[in-house]
Each structure stands twice: as structure tokens, then as C-alpha cells.
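In case you want the letters, here they are:
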Amino acid sequence: MNDNIKIGIGFLIPASAIIAFIISIYTESFLFAGFVSILGLLLWFLYSAIMQTSMPNVTGNIIILFGVLLSTATFLSFGVKRNMFGGYELVPEGGAGSAILLLIIVLVGILFRTNAPPTFVQTRAFSEKPHPASSKEQQASPQQNDDASVENDPYEVADYSDYIDYYGEGEGEDYYEEDYYEDGEDE
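Peer 1: Is there a simple way to explain the overall build of the chain in this structure?
Peer 2: Helix and strand counts for the chain come out as nine helices and two strands. Element order for the chain, N to C, with α for helix and β for strand: α-α-α-α-β-β-α-α-α-α-α. A total of 187 residues make up the chain; the buried ones form 19% of that total. Residue pairs at least 24 apart in sequence account for 59% of intrachain contacts in the chain once pairs closer than 6 positions are excluded.

So this is what it looks like as C-alpha cells:
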């Protein structure tokens, strides 16, 4: 059987547990609702282990959902009490137990959510893409390729042909030498 089909059939277990939870809350059997939420999650994990399926990406979210269901059932069962006038009173111990239970299960669910395969940041040394300058060099003609290798190689002597074409040969040196020696500081 295909792994996706096994996972899809496995999702019927949490769905039926949620439906049973809603029915048990509606009938005000809160303790049974807590057992239904625990059993739904345990049966889903047991199904995944028996069918040897990989856990889907939403496993952490389902664990958090069932944690909320369990803490709600615990709060309604032990954190709220009816008084003789038909109203409700809050029991602090039951609310604290429900909150602690919610904290623990949410932390476990978050651990399952971040159980994704690690993503690696590609550095320049490990990237498989060619450097933009090297791809331009490969596309250039052979004559331009020689000039490009001189410009990109930090250990080569630079080519000053563009500088010489613009300023002329030796004009800048004469200008600075004349200014320096005009002040009278010949040597």
C-alpha cells in the first residue's frame, strides 16, 4: 500500500476522536472526553507504528490540538464546579492542573513541529552556482578573456592602458614633479 494512503487512513483516527470528544462534551461527560482525547492520540501513534508510516508534517499541530482538547476536558472536569444556585464556581487547583497539562503537551507538540530536516545555508565555497564574474569570463571572446583574467586576478600587475589612453603617457608624472620641485625643495 502506498505511504500516502496509509497516512490518509491514519488521519481518520484523530478525526473520529475529535467527533467523539465533541459528543462527550455535549453530553457533559468531561472525564470521558479527556480519555477520548488521550486514546485518539495514542491510537494514531500506534497505527503509525504498526503500519510503519512516516509521521506527516502536521504531527506537531495535531499533538497541540489534542493537548488543547485534553486540557479543556481536565478544566471542565476539575476546574469548574456547580453551586447550589445553578451557577459555576472556579476551582483554582483544577485550573492550575489544566494549565500545566497544556504547557507540557504544547511543548511536546512544538518539538514535533520543528522536527523538519535541517536546512543548510549555502556559503560561497559550497554553492554550486558559478560566480557571476567567472560566467562572464566564460562568455567573453578569447581576446577579452585575457584582459578579464588580469582584472580579476589580485596578484597580477594591473593593466593601466585605459588610464594611459585618457591622461596620456607621462603627463601626470610631469605635473607632480614640476609642482614639487617648483617650491624649491629640489633634493
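Peer 1: Is there a simple way to explain the environment of V68 in this structure?
Peer 2: Here V68 shows up in helix α4 (residues 59–79). When the C-alpha atoms of V68 and L101 are compared, they prove to be 9.0 Å apart, with 33 residues separating the residues in sequence.

Peer 1: What is the right way to read helix α3 (residues 30–51) from this model?
Peer 2: Relative to the 32 Å expected for 22 residues at 1.5 Å per residue, α3 spans 31 Å between its end C-alpha atoms, a close match to the ideal helical length. Q52 lies just past α3 and shows a positive phi near 55°.

Peer 1: Help me understand the packing of α4 against helix α5 (residues 92–113), please; the structure alone is not making it clear to me.
Peer 2: Each pair of packed helices can be summarised by the angle the axes make with each other and by the distance between the axes. The N-to-C vectors of α4 and α5 enclose an angle of 175°; their axes lie 8 Å apart at closest approach. Relative to α5, the element α4 lies roughly antiparallel.

Peer 1: How should the nonpolar core be read in this particular structure?
Peer 2: A general feature of soluble globular proteins is that nonpolar side chains tend to end up buried together. Counting residues in each nonpolar core, the largest one holds 13 residues, and the members touching the most others are F21, L41, I62 and F66. Every element with two or more residues in this core is listed here: α2 (12–26), α3 and α4. With near-sequence residues (within four places) excluded, F21 lies in contact with A33, V36, S37, L69 and A73.

Peer 1: I would appreciate a short explanation of the packing of aromatic side chains in the present structure.
Peer 2: Enumeration over the complete set of coordinates arrives at three aromatic pairs. Ring centres of W44 and F45 lie 5.6 Å apart, and the angle between their planes is 35°; on these two criteria the pair is classed as tilted. Judged by relative accessible area, F45 falls into the partly exposed class, the value being 26%. Each ring, one from F45 and one from F112, has its centre 6.1 Å from the other, and the planes form 35°; the classification is tilted. In this pair, F45 sits in helix α3 while F112 sits in helix α5, placing the two residues 67 residues apart along the sequence. Overall, F112 belongs to the partly exposed group, its relative accessible area being 33%. A network of ring pairs unites the aromatic residues F11, W44, F45 and F112 as a single cluster.

Peer 1: Is there a simple way to explain the side chain of T59 in this structure?
Peer 2: You can see T59 is positioned in helix α4. A distance of 2.7 Å separates a polar side-chain atom of T59 from the backbone oxygen of P56. Residues in contact with T59, not counting those within four places in the same chain, are W44, F45 and F112.

Analysis parameters
Residues numbered from 1 in each chain as written. Predicted model: local features only at pLDDT ≥ 70, side-chain atom pairs only at ≥ 80, totals over all residues. Heavy atoms only, no water. Helix = DSSP H or I, 4+ residues; strand = E, 2+ residues; numbered from the N terminus. Buried < 20%, exposed > 50% of the residue type's maximum accessible area, 1.4 Å probe, protein only. Contact = heavy atoms within 4.5 Å. Expected span 1.5 Å × (residues − 1). Axes fitted to C-alpha atoms, helices over the stretch in contact; angles between N-to-C directions. Parallel < 35°, antiparallel > 145°, perpendicular 65-115°, else oblique. Core = buried A, V, L, I, M, F, W, Y, C linked by side-chain atoms within 4.5 Å. Phe/Tyr/Trp six-rings, centres within 6.5 Å; stacked < 30°, edge-to-face > 60°. Polar contact = N/O pair within 3.5 Å; in protein donor to acceptor, adjacent residues only side chain to side chain.

So, to be careful, I would describe these as geometric facts and stop short of saying anything about function.
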